[in-house]
Structures are given as structure tokens and as C-alpha cells.
Amino acid sequence: MEFFGYKIKKINHLFKSRLDRNLEQLDITVAQMQTLIYLFKDNGKKVTQKQLAEYFSVKHSTMSGILKRLQEKELIEICIDEENKKYKNIYTTTKAVELNEKLETYRNETEALLVKGFSEEEIEQLASFLDRLYINLNSELSDKEIKCFNKEMKQ
């Protein structure tokens, strides 16, 4: 029997590959999609580059690169915070909002493929099992290891 960790890694790789293939049509990467979805969720609220980097557990420079590419594609605006000049606030553009439905569709289609043939009860059980796996691993790790683990999970 294969190790569970290896199976999970293979599933993650295939999931990301399929989603990347769909997103390629929109000239968006999975990391860019996740960033946009986070911004849509907090639409209208001040979201800083620092908050995004912390949420996705990536380095400031990594988030800066993601945001730069989104800005080049005219999907976000980066504005200096008027109250605190050292912060940059990130806002989605109208062009990004127009993409939101397609992003949701691609993500939902890939999620549906992932659980194809599962009953609702099995899907709920799977979600519960995955949550427990995450909690089990999280409880045995140091704070530094958890940060690294979270970073890998979001990539």
C-alpha cells in the first residue's frame, strides 16, 4: 500500500495541474486566482500586501511578485494607504470582477471532478477526514514547521 502522504501529494499535483490548464485560458495562475478570490471575499475592505503574505504563508517578495503580475494584467490596483504610508492597499478592478464568475466555475468544475462518484455523505466524511489529518499534523509540529507546512499547502 502506498503511503498516505504520497497519495495526497499526487492528488494535489493532479488537482493543481487540471486547474492550471483551465486557468491558462484566462492567463491566470492558481496563486493569482487564490489571491483574487481572497480579495473578492473581502471586497471593499482594506487588504494589505502584508495581510495577503501572512494569510497565504508566503514571503513578502513572493506576494509582491503575484501582485505585480496581477497589476500588469489590470486585475488589481495597488494604492498607498492614506492613513499609514508604509502600507499598500490592494483592490480588485472591474476587469477582475468580470473574471470572478469564470474563476469560480473553473474551481467548482475541478472540485466536482475531484469528488465524482462520491455520495453527499462520502463527501462530508472525506472533508471530515481531511480536517482530522490536518489537525493531527498541525498538533505535532512546532510553530516554524506549521508555517512551512501551511505555505506548502497553499502553493
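Residues numbered from 1 in each chain as written. Predicted model: local features only at pLDDT ≥ 70, side-chain atom pairs only at ≥ 80, totals over all residues. Heavy atoms only, no water.

### Describing the pattern of salt bridges
- Taken as a whole, this structure holds seven salt bridges when the rule is applied.
- With a closest N to O distance of 3.2 Å, Lys16 and Asp20 form a salt bridge. Of this pair, Lys16 and Asp20 both sit in helix 1 (residues 4-23), four residues apart, which is roughly one turn of that helix.
- Owing to a relative accessible area of 24%, Asp20 belongs among the partly exposed residues under this scheme.
- A salt bridge links Glu83 to Lys46, with the nearest nitrogen and oxygen atoms 3.4 Å apart. Here Lys46 lies in the loop between helix 2 (30-41) and helix 3 (49-55) and Glu83 lies in the loop between strand 1 (76-80) and strand 2 (88-92), a separation of 37 residues in the sequence.
- For Lys46, a relative accessible area of 41% gives the class partly exposed.
- A single salt-bridge network, built from bridges that share partners, covers Lys46, Asp81 and Glu83. (Salt bridge = Lys/Arg side-chain N within 4 Å of Asp/Glu carboxyl O. Helix = DSSP H or I, 4+ residues; strand = E, 2+ residues; numbered from the N terminus. Buried < 20%, exposed > 50% of the residue type's maximum accessible area, 1.4 Å probe, protein only.)

### Digging into helix 4 (residues 60-72)
- Between its terminal C-alpha atoms helix 4 stretches 18 Å, which fits the 18 Å expected from 13 residues at 1.5 Å a residue.
- Along helix 4, the positions that sit buried rather than exposed are Met63, Gly65, Ile66, Leu67 and Leu70.
- In the core, the buried residues of helix 4 are packed alongside helix 2, helix 3, strand 1 and strand 2.
- At the exit of helix 4 stands Glu74, carrying a positive phi of roughly 60 degrees. (Expected span 1.5 Å × (residues − 1). Contact = heavy atoms within 4.5 Å.)

### A short note on the packing of aromatic side chains
- Inspection of every chain in the model, using the stated rule, returns three aromatic pairs.
- Each ring, one from Tyr38 and one from Tyr55, has its centre 4.6 Å from the other, and the planes form 45 degrees; the classification is tilted. With Tyr38 in helix 2 and Tyr55 in helix 3, this pair connects stretches of sequence that are 17 residues apart.
- With a centroid separation of 6.0 Å and 65 degrees between ring planes, the pair formed by Tyr38 and Phe56 is classed as edge-to-face. Taken together, the residues span a long stretch of sequence, with Tyr38 in helix 2 and Phe56 in the loop between helix 3 and helix 4 at a distance of 18 residues.
- For Phe56, a relative accessible area of 8% corresponds to the buried category.
- Members of the aromatic cluster, each reached through a chain of ring pairs, are Tyr38, Tyr55 and Phe56. (Phe/Tyr/Trp six-rings, centres within 6.5 Å; stacked < 30°, edge-to-face > 60°.)

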